[in-house]
Amino acid sequence: MEGPFPEHYEPVESPIAANPLHPTVKQNPSTRVLPNDSARMGDRRQFPYVATTYGITELFRHWTKHSRLNAILQPEQFVEVGEQLAQRKGIVAGDMVKVSSHRGYIKARAVVTKRIRTLEVMGEPLDTIGVPCVWGFEGATKKGYLANALSPAVGDANTQTPEYKAFLVNIEKI
Amino acid sequence: MSIQPQDIIRRSATHSATPAPRVRDHQLEVAKLIDVSICIGCKACQVACSEWNDLRDEVGTNVGVYDNPRDLSPKTWTLMRFDEYENESGKLEWLIRKDGCMHCEDPGCLKACPSPGAIIQYANGIVDFQSEHCIGCGYCVAGCPFDVPRISKEDNRAYKCTLCSDRVAVGQEPACVKSCPTGAISFGTKEEMTEQASKRVAELNTRGYEHAGIYDPAGVGGTHVMYVLHHADRPQLYRGLPKDPRISAVVRGWKGLMKPLAAAAFVATLAGSFLHYVGVGPNTTTEGDED
């Protein structure tokens, strides 16, 4: 267990070189990571963008994609890409893109949005890619990829919840 | 229809000399108020609309935007339209407008419709399509200043939001109002809704939205679906909501000015023919070649 005081650690897959608070201790030392999973962690030079997974109001987890009414509201898998990153990568709204981590990849439509901005972290630009995790290989929606093909199998030291909210990916137009 | 409406104040292609049944007119005008500043874009209203009205649109595709389905259709009567707007101070605002029939006090669709009784307006203000009388000509599409009616390819008839006239007739609010989780959609008499909207606008004004206002455009006589907008001075920001909607001049010309003229010309032709017959007599022909 970690604690009892609040502390900041970087995610196991972090887009920055060092923990700004403790240059020598980047990740939570009490996190348990199996050797096999460690071998599947990506490097920030190869996978320079942060991905975060989330749900959307139209679809609940992997349940309601089987309901026709919900499928009508969000029929096809998409990822959200900020305007600046899309411009640099030559991605136009509606393009098919491939988002890949060191563990796997998904293909989805690109929704280009102002809502995700390029951040400046430790003096360097940093882009985030939004990956809603509500589509799958079966359902009333169009078939999609499982977002968990991307996410790492490393748990928070206390809750063992995997780091679905911050991991490293690359994106390319296909 | 098994239930006969007897509260029709306007009926398409019907002269005022032969009005629709309208004795049951002791009704207050109703209105739906959509507070855009409270909407979170969850699309619950879209689902409620489909459920109550037994509509199931096609499962479409994603074209790179959040909006889905892509547009209003014969089977999508209401639709959230998402716009990302960066305001003067550089702050991002996600403007989400619930699109659908505005139920104009002076409905352009009804004015344009050539089929008697295909479009009616009830005493409470609701504009309703009576699809069994629709001939699928599409004039209502040309007449609508908000681009709302859609013609079905299945049965060549026009469809749009009914403001749940069947629910309202038995004292219930429309399905979208019932489903809204944030209370962004309200329903009541037009007077109550206007008052509620004014209070909300005053509140928004004190919270930095100096141009907040009610959208109840006078160009169509006011509407029975009103919006509270944070930027009422620029309704176009909300996916091209017209600033001053009016029925097209073509529709107004043909259905307004030209109608009595056409009737007069028709009567004059008939009278001319009759007088010619009485005064001059019928045309005669002679046997053989005429010189």
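What you see is a predicted model; the values in this text were computed from it and never measured.

Here is what the cut-offs are and how they apply
- Residues numbered from 1 in each chain as written.
- Chains lettered and ligands numbered in written order.
- Predicted model: local features only at pLDDT ≥ 70, side-chain atom pairs only at ≥ 80, totals over all residues.
- Helix = DSSP H or I, 4+ residues; strand = E, 2+ residues; numbered from the N terminus.
- Contact = placed C-beta atoms within 7 Å.
- Rg over C-alpha atoms; globule rule 2.2 N^0.38 Å.
- Pairing = 2+ DSSP bridges.
- Axes fitted to C-alpha atoms, helices over the stretch in contact; angles between N-to-C directions.
- Buried ≥ 20, exposed ≤ 12 C-beta atoms within 10 Å, placed from the backbone.
- pLDDT = per-residue confidence, 0-100.
- Nonpolar A, V, L, I, M, F, W, Y, C, P; charged D, E, K, R; others polar.
- Core = buried A, V, L, I, M, F, W, Y, C linked by C-beta atoms within 7 Å.
- Expected span 1.5 Å × (residues − 1).

Engineer: Describe the overall build of chain B, listing the residues and the values that go with them.
Structural biologist: Per the secondary structure count, chain B includes seven helices and 11 strands. When contacts within chain B are restricted to residue pairs at least 6 apart in sequence, those whose partners lie at least 24 apart make up 61%.

Engineer: Before we move on, could you go through the overall build of chain A and cite the residues and values that matter?
Structural biologist: When helices and strands are tallied, chain A shows three helices and eight strands. Written out in order from the N terminus, the α and β elements of chain A read α-β-α-β-α-β-β-β-β-β-β. The C-alpha radius of gyration of chain A comes to 17 Å, within 12% of the 16 Å expected for a compact globule of 174 residues. Dimensions of chain A, computed from the C-alpha atoms along their principal axes, are close to 50 × 35 × 30 Å.

Engineer: Provide a residue-level description of the sheet that holds strand β1 (residues 8-11) of chain B, including the pertinent values.
Structural biologist: Residues and elements named next belong to chain B. If you walk across this open sheet you meet the three strands as β1-β5-β6, and the pairing is antiparallel. A strand with exactly one partner marks an edge of an open sheet, and here the two such strands are β1 and β6 (127-129). Shown here is a sheet whose adjacent strand axes are inclined to one another by a mean of 30°, direction ignored. As paired strands, β1 and strand β5 (residues 119-122) are joined by three bridges and run antiparallel to one another. Looking at β5, one finds that R10 is bridged to Q121.

Engineer: Give a description of the sheet that holds strand β2 (residues 78-82) of chain A that names residues and reports values.
Structural biologist: Residue and element names in this part refer to chain A. Overall, mixed pairing links the six strands, which are arranged β1-β7-β2-β4-β3-β8 in a closed barrel. Mean inter-strand twist for the sheet, computed between neighbouring axes without regard to direction, equals 45°. By the bridge criterion, five bridges tie β2 to strand β4 (residues 105-113) in an arrangement that is parallel. The residue bridging F78 from the neighbouring strand is R109, located in β4.

Engineer: Account for the pairing of strand β11 (residues 225-229) of chain B, naming residues and giving values.
Structural biologist: Residue and element names in this part refer to chain B. The buried fraction of β11 is high, at five of five residues. The alternating pattern of β11 places V225, Y227 and L229 on one face and M226 and V228 on the opposite face, and all of these are buried. The pairing of strand β2 (residues 30-35) with β11 spans four bridges and is parallel. Bridge assignment links K32 to a residue of β11, and that residue is V225. As defined by bridge partners, strand β10 (residues 213-215) adjoins β11 across three bridges and the pair is classed as antiparallel. Paired with I214 across the two strands is V228, which belongs to β11.

Engineer: Give a description of the pairing of β2 of chain B that names residues and reports values.
Structural biologist: The buried fraction of β2 of chain B is high, at six of six residues. Here β2 of chain B shows no split at all, with V30, K32 and I34 of chain B on one side and A31, L33 and D35 of chain B on the other all buried.

Engineer: Give a description of the confidence of the model for chain A that names residues and reports values.
Structural biologist: In this model, chain A carries an average pLDDT of 93, and 98% of its residues clear a pLDDT of 70 or more. The spread of mean pLDDT over the elements of chain A runs between helix α1 (residues 35-39) of chain A, the lowest at 92, and strand β3 (residues 96-100) of chain A, the highest at 98.

Engineer: Please give an account of the interface of chain B and chain A that cites residues and values.
Structural biologist: Chain B puts 22 residues into the contact, and the matching count from chain A is 23 residues. When residues of the side of chain B that touches chain A are traced back to their parent elements, those giving at least two are α1 (44-52), β3 (79-86) and β4 (92-99) of chain B. At four residues, the largest contribution of residues to the side of chain B that touches chain A is made by α1 of chain B. Of the residues contributing to the side of chain B that touches chain A, the split by class is nine nonpolar, seven polar and six charged.

Engineer: Tell me about the nonpolar core, residues and numbers included.
Structural biologist: Counting 68 residues, the largest nonpolar core has V36 and I119 of chain B as its most contacted members. Residues contacting I119 of chain B, with those up to four places away along its chain left out, are S12, C109, L110, C113, V127, F129 and C140 of chain B. Grouped together as the second largest cluster of nonpolar side chains are 32 residues, Y49, I116, I129 and V131 of chain A included.

Engineer: Which residues make up the confidence of the model for chain B, and what values go with them?
Structural biologist: Any segment with low pLDDT has predicted coordinates that should not be analysed in fine detail. Chain-level pLDDT for chain B is 94 on average; 98% of the residues reach the 70-or-more range. The ipTM assigned to the predicted complex is 0.90, against a pTM of 0.90.

Engineer: Explain helix α7 (residues 249-279) of chain B to me, using residue names and the numbers behind them.
Structural biologist: The first and last C-alpha atoms of α7 of chain B sit 42 Å apart over 31 residues, in line with the 45 Å expected at 1.5 Å per residue. One or two positions beyond α7 of chain B, positive phi appears at G281 of chain B, with a value near 95°.

Engineer: Now, about unusual backbone geometry: what can you tell me, with residues and values included?
Structural biologist: N68 of chain B connects to P69 of chain B through a cis peptide bond whose omega is -5°. The residue P69 of chain B is located in the loop between α1 and β3 in this model. The residue R61 of chain A is not glycine, and still its phi comes out positive at about 45°. Turning to its location among the elements, R61 of chain A is positioned in the loop between β1 (49-54) and α2 (68-73). One non-glycine residue, L163 of chain B, lies in the positive phi region at around 50°. With respect to the helices, strands and loops of the structure, L163 of chain B is situated in the loop between β8 (158-159) and α4 (165-169).

Engineer: Please provide a residue-by-residue account of helix α6 (residues 190-206) of chain B, values included.
Structural biologist: All names here are of chain B. With 17 residues, α6 should cover 24 Å at 1.5 Å per step; its first-to-last C-alpha distance of 24 Å lies within 8% of that length. Tucked into the core, α6 has its buried residues touching β2, β9 (185-189), β10 and β11. G208 lies just past α6 and shows a positive phi near 100°.

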